[in-house]
Amino acid sequence: MEIKRDKYLNDLINRMHNGMIKVVTGIRRCGKSYLLFNIFKNYLLGQGVPASHIIMIELDQRKNKKYRDPDAILEYIESLLTDDRKYYIMLDEVQMLQEFEEVLNSLLHINNADIYVTGSNSKFLSKDVITEFRGRGDEIHIYPLTFKEFMEAYDGDMYHGWADYIIYGGLPLIATMKTEEQKINYLTTLFQETYLKDIIERHHIEKTQELEDLINILASAIGSLTNPPKIEATFQSVIQSTISLNTIRQYLEHLEDAFIINKANRYNVKGRKYIGTPLKYYFEDVGLRNARLGFRQIEETHLMENIIYNELRSRGYSVDVGVVEKRGKSEAGKEYKKQLEIDFVANFGSKRYYIQSAFSMPTEEKRIQEKASLVNVNDSFKKIIVVKDVVGITRDEDGITTMNIYDFLLKENSLEL
C-alpha cells in the first residue's frame, strides 16, 4: 500500500515553476527519494507531462556514476532538451555530484527547466542551500511518518498502532515490516551504520565514543531541560570524560544539522522574549531514539511528548517551550514568584496554541497541576491539554480544551476542535 504523503506532494505542486531549486531535505530513509521519483513523478504524468520531459538521475546508483562529473551531467541533460516545452529535472543524492553548486546554478539558467533535488541530510543541508544559492533555493523538509500516515499502512486498530509507533517510530520502511526482530535490527543498524557514519565522515570526527556518549545522554533525557554545561557535568560525573564545552556544542550542531535531533527554545510568554538556556532536545524519530538505547527506556510519557512535538513541527508550526511567571503571597504573607512551564507554544503566522502533554489526569489534584501554567497565561490564544486516556473533547470553565492523543494526531483540524 502506498502512503500518499499528500502534504509534501502539495508542497511540491505549490512550488512548481517558481524559478527556484526545490531542495527536499530530511533525515535519511524518511522518504525523500520516493516522494520525488514516485509520487511527484506520477502526479506530473497524470497532468499530461510526457515521460520524456521528466529527467530523473539517481546519482547514488552505480550505473549513473559517470554523471557525477559536472560536465558529463550537463551535457547529458542538455541532450535531452529537444523542444521548448517545460522539462522537470530531478537529481537524487545531489551531494555525490562533483561541483554540484555550479551544476545547479547552470541548470537555473535553462528557461524551460524546473529543478528538484534531494540530498543526504548529513552532506546536503538546508544551511548549505541558503549560503550557496542566496534566495534561489526553496527547501521542503520531510519528516518521518506522522501517526496518521503510519496508520494508513498499518494493519490493525489505532491502539495497537500507537503501541508500535511509540516504540519503533515512523520511518516508512518500519510500517511495512511484520516482525519485531526486523524492526529492531533495521533501526539499530541504520543508526550505527548510516547516521553515525555520515556525521563522522562529514566532520572528520576522531573521538567517536564521545559523540556516541552524547547521543545516549540526549536520548535518555528527551524533554528535559539541559544545555552544554549540564551535559559537560554529566560527562564528568557519570562517564568520567573531560570533553570540552566547545566539542559538545559542535557535536550538538552536527546532530541538529543531520536532522537527528531538534531543539525547542524557552519562551517567556508574558515577557514575550526568548530565554537563553536551558532548552529541550527531541528526536526526529522516536524509533531511532529507542534503538539508540537498545529499546530499554520506553517511558511512554516522554515519548508521547516527543511525538506531539514532532506532529506540530510536521504541521508547519515553530515550537517553543513556554515559561509563565506566577506571583503570589504565601500563607505567611511573604511575596513569591515562580516559573511554570508550558510544554509547547506552537506558532504559525498569526496563530498560536499553548499545548500541555499530560498523559493521564486521574485526580483533580493532577488536573489542577497540569492546568496551572495554562491558567496563568493572560491572552486569548487556545490552550489544550493532550492526554493518553480515551476521553471526549471537553472545554472547561477556564477555556482549556482537553483531548486524547488519538484525536490530536489523527484529526487534521484537531487544534481547532
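Each remark here, short or long, concerns the structure printed above.
Owing to the predicted nature of the structure, the values given are computational and were not obtained by experimental measurement. (Residues numbered from 1 in each chain as written. Predicted model: local features only at pLDDT ≥ 70, side-chain atom pairs only at ≥ 80, totals over all residues. Heavy atoms only, no water.)

A. Molecular detail of the overall build of the chain. When you go through the chain residue by residue, the secondary structure sums to 15 helices and 13 strands. A compact globule built from 417 residues would reach a C-alpha radius of gyration of about 22 Å, and the chain, at 23 Å, matches this within 12%. The dimensions of the chain, computed from C-alpha atoms along their principal axes, are 85 × 50 × 45 Å. Residues counted as buried form 51% of the 417 residues belonging to the chain. As presented, the chain carries roughly 19700 Å² of accessible surface, and 46% of it is formed by carbon and sulfur atoms. Across the chain, the centroid of the 55 positively charged side chains sits 4 Å from that of the 62 negatively charged ones. (Helix = DSSP H or I, 4+ residues; strand = E, 2+ residues; numbered from the N terminus. Rg over C-alpha atoms; globule rule 2.2 N^0.38 Å. Buried < 20%, exposed > 50% of the residue type's maximum accessible area, 1.4 Å probe, protein only. Areas by Shrake-Rupley, 256 points an atom, 1.4 Å probe, with all protein chains shown as cover. Lys, Arg positive; Asp, Glu negative; His and termini not counted. Charge placed at Lys NZ, Arg CZ, Asp CG, Glu CD.)

B. Fine view of the sheet that holds strand β5 (residues 137-141). The 5 strands are arranged β2-β3-β4-β1-β5 in an open sheet whose pairing can be described as parallel. Sheet topology places β2 (54-58) and β5 at the edges, where each strand pairs with a single neighbour. Averaged over all pairs of adjacent strands, the angle between strand axes in this sheet comes to 20°, irrespective of strand direction. Where strand β1 (residues 21-25) lies against β5, 5 bridges are found, and the strand directions are parallel. Each residue of the ladder has a partner; that of K22, found in β5, is D138. Contacts between helix α2 (residues 32-46) and the sheet are confined to β1, β2, β3 (87-92) and β4 (113-118), with β3 contributing the most and set at about 165° to the helix. On the sheet, helix α4 (residues 100-108) packs against β1, β3 and β4 and is oriented at approximately 155° with respect to β4. (Pairing = 2+ DSSP bridges. Axes fitted to C-alpha atoms, helices over the stretch in contact; angles between N-to-C directions. Contact = heavy atoms within 4.5 Å.)

C. Representation of the nonpolar core in the model. Among the nonpolar cores identified, the biggest contains 91 residues, and I260, I355 and F408 are the most heavily contacted of them. With 7 residues, the top contributor of residues to this core is helix α8 (residues 180-203). Leave out the neighbours within four places in its chain, and I260 touches I27, F191, Y195, I199, L255, Y282, F283 and E284. With 22 residues, the next largest nonpolar core counts I55, Y87, V103 and V117 among its residues. (Core = buried A, V, L, I, M, F, W, Y, C linked by side-chain atoms within 4.5 Å.)

D. Expanded view of empty space enclosed by the protein. This model, assessed by the stated rule, comprises 1 cavity of 30 Å³ or more. Roughly 140 Å³ of volume is contained in the largest cavity. What lines the largest cavity is a set of 16 residues, and nearest its centre among them are P144, L145, T146, Y165 and N310. Top contributing element to the lining of the largest cavity by residue count: helix α13 (residues 300-314), with 4 residues. Considered class by class, the residues forming the lining of the largest cavity number 8 nonpolar, 5 polar and 3 charged. (1 Å grid on protein atoms, 1.4 Å probe; cavity = no way out; pocket = protein on both sides within 12 Å on 5 of 7 lines; lining within 4 Å. Points joined across faces, edges and corners; volume = space filled by probe spheres on them. Nonpolar A, V, L, I, M, F, W, Y, C, P; charged D, E, K, R; others polar.)

E. Representation of the environment of Y186 within the structure. Looking at where Y186 falls in the secondary structure, it is placed in helix α8. Judged by its relative accessible area of 15%, Y186 falls in the buried class. Taking the C-alpha atoms as reference points, Y186 and I231, 45 residues apart in sequence, are found 29 Å from one another. Excluding anything up to four places from it in sequence, Y186 contacts R29, L171, L173, I174 and M177.

F. Seen up close, the pattern of salt bridges. According to the stated counting rule, one finds 21 salt bridges in the structure shown. Close ionic contact of K197 with E193 constitutes a salt bridge, the shortest N to O distance being 2.9 Å. A residue pair is termed a helical-turn pair when its members lie 3 or 4 positions apart in one helix, as K197 and E193 do in helix α8 at 4 residues. The class for K197 is partly exposed, based on a relative accessible area of 39%. For E193, a relative accessible area of 42% corresponds to the partly exposed category. (Salt bridge = Lys/Arg side-chain N within 4 Å of Asp/Glu carboxyl O.)

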